[in-house]
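Architecture at a glance
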Amino acid sequence: MPRFDVLTLFGEYFEPLRTQGVCRRAFDRGAMALQHWNPRDFSIDTHHTVDDRPYGGGPGMVMLVEPLERALRAAQSSRETAGMDTAPVLLFSPAGAKLTQEQVKRWACSAGAVLVCGRYEGIDQRFIDRHVDEEISLGDYVLSGGEIAAMAFLDAVARLQPGVLGSADSAQQDSFSDGLLDCPHYTRPPTHTGLHVPAVLLSGDHARIARWRRDRSLQLTQERRPDLIAIMRRENRLSARDEQALASLD
Ligand code: SAM
């Protein structure tokens, strides 16, 4: 079971994960554990300072290295007390590698990690140099803090824990799981304001339905993310039938 220890100034962000939806199920079932550590609790001055002005001038504030380091030590020793190994340390940062489903799968099967959420202009580089193993970005835009990135990461990891999703197949059929985007989905009614559900989905013929879904996945991926098709080709993950379906789109 992975355990994630989050270093954050805003632990309240994570409460909805414990109380709502799929993530809640993961925590309730003991499929995943979460603890947060506030660097402010590890600041030793009377004002519980966690940030200071940047050397060299400029706008904003920078998170101090010492409270973060103490919070990290507390998280790691709590894991040790629980009989766990020292965890890798991940920092959410626009400078990180973009989060992918491959990485999510890797962390879902791991013993977890310490997740560091930056705030303000970011955190003192010396903390990163000494302690951070991996930097993860949610995308090419700037958030106000790492909490929302950490929540996205935790949500994606939670839904891959065994028994957490309603159907065991759900996660396997999701976008990126087999390298392609997911196919379109439909539900009742069969006709809505002149728009019809594709007849094959009402046919009850499971083999035809599976082929239709695979073809629509290939089509959508070819249209929107040809880079993913190129990766699948490089890794020999497309069958002769997949190639035929792609050729018929040209
Ligand atoms: N000065 C930083 C820059 O321009 O790269 C932005 C700092 S941002 C206001 C504060 C914190 O939010 C960062 O330290 C990081 O932890 C988090 N953050 C912002 N954008 C992010 C992204 N795209 N992915 C992951 N974390 C992000």
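Everything here concerns the structure above.
So, here is what we can say about the structure in this document. Here the structure is a predicted model, which means the values were calculated and not measured.

Considerations on the sheet that holds strand β5 (residues 89-98)
A sheet is described by the order of its strands in space; here 5 strands give the open sequence β2-β1-β6-β5-β7, paired in parallel fashion. Each having just a single partner strand, β2 (33-37) and β7 (134-137) make up the two edges of the open sheet. Along the sheet, successive strands turn relative to each other by an average axial angle of 35°, direction set aside. Of the strand pairs in this sheet, β5 and β7 are connected by 5 bridges, and their pairing is parallel. The partner of Phe-92 across the bridge, within β7, is Ile-136.

Things to note about the site of the ligand
Every one of the 19 residues lining the ligand counts as a neighbour, but Phe-92, Glu-121, Leu-138, Tyr-141 and Leu-143 are closest to it. In the environment of the ligand, a nitrogen atom lies 3.0 Å from a nitrogen or oxygen atom belonging to the backbone of Glu-121. Gly-139 is positioned such that a nitrogen or oxygen atom in its backbone is 3.0 Å from a nitrogen atom of the ligand. Calculation on the ligand without its partners gives an accessible area of 580 Å², and the protein chains cover 80% of this total. In this structure the site holding the ligand corresponds to the second largest pocket. Broken down by secondary-structure element, the contributors of at least two residues to the shell around the ligand are β5 and β7. Tallying contributions element by element places β5 first for the shell around the ligand, with 3 residues.

Describing unusual backbone geometry
Arg-188 connects to Pro-189 through a cis peptide bond whose omega is 5°. In this fold, Pro-189 is placed in the loop between α7 (169-173) and β8 (191-192). For His-48, which is not glycine, the phi torsion reads 55° and is therefore positive. As for its position among the elements, His-48 is in the loop between β2 and β3 (51-52). For His-48, a relative accessible area of 38% translates into the label partly exposed. Even without a glycine there, the phi angle at Thr-193 is positive, about 40°. Here Thr-193 shows up in the loop between β8 and β9 (195-196).

With respect to the nonpolar core
If you look at the biggest cluster of nonpolar residues, it comprises 28 residues, and the most contacted ones within it are Phe-4, Phe-14, Met-32, Leu-115, Phe-153, Leu-154 and Val-157. Ranked by residue count, the leading element in this core is helix α6 (residues 147-158), at 8 residues. In this structure, Leu-154 is in contact with Phe-4, Val-6, Phe-14, Leu-17, Cys-23, Met-32, Leu-34 and Leu-115, ignoring residues within four places of it in sequence. One finds Ala-71, Ala-87, Val-116 and Val-132 within the second-largest nonpolar core, a separate group that totals 21 residues.

Some remarks on the layout of surface pockets
Looking at the largest pocket, its volume works out to about 530 Å³. Surrounding the largest pocket, 17 residues form its lining, Leu-99, Thr-100, Gln-101, Glu-102 and Phe-176 being those nearest its centre. Listing elements by their share of the lining of the largest pocket, those giving two or more residues are α4 (101-108), α6 and α9 (226-234). Partitioned by chemical class, the residues of the lining of the largest pocket number 9 nonpolar, 3 polar and 5 charged. When residues of the lining of the largest pocket are assigned to domains, at least three fall in each of domain 1 (3-158) and domain 2 (173-247). Space inside the second largest pocket adds up to approximately 440 Å³. Around the second largest pocket, the lining comprises 26 residues; the ones closest to its centre are Phe-92, Ser-93, Pro-94, Glu-121 and Gly-122.

Cut-offs and rules
Residues numbered from 1 in each chain as written. Predicted model: local features only at pLDDT ≥ 70, side-chain atom pairs only at ≥ 80, totals over all residues. Heavy atoms only, no water. Pairing = 2+ DSSP bridges. Helix = DSSP H or I, 4+ residues; strand = E, 2+ residues; numbered from the N terminus. Axes fitted to C-alpha atoms, helices over the stretch in contact; angles between N-to-C directions. Near = heavy atom within 4 Å. Polar contact = N/O pair within 3.5 Å; in protein donor to acceptor, adjacent residues only side chain to side chain. Areas by Shrake-Rupley, 256 points an atom, 1.4 Å probe, with all protein chains shown as cover. 1 Å grid on protein atoms, 1.4 Å probe; cavity = no way out; pocket = protein on both sides within 12 Å on 5 of 7 lines; lining within 4 Å. Sits in = over half its atoms within 2 Å of the grid points. Buried < 20%, exposed > 50% of the residue type's maximum accessible area, 1.4 Å probe, protein only. Core = buried A, V, L, I, M, F, W, Y, C linked by side-chain atoms within 4.5 Å. Contact = heavy atoms within 4.5 Å. Points joined across faces, edges and corners; volume = space filled by probe spheres on them. Nonpolar A, V, L, I, M, F, W, Y, C, P; charged D, E, K, R; others polar. Domains from an automatic or database assignment.

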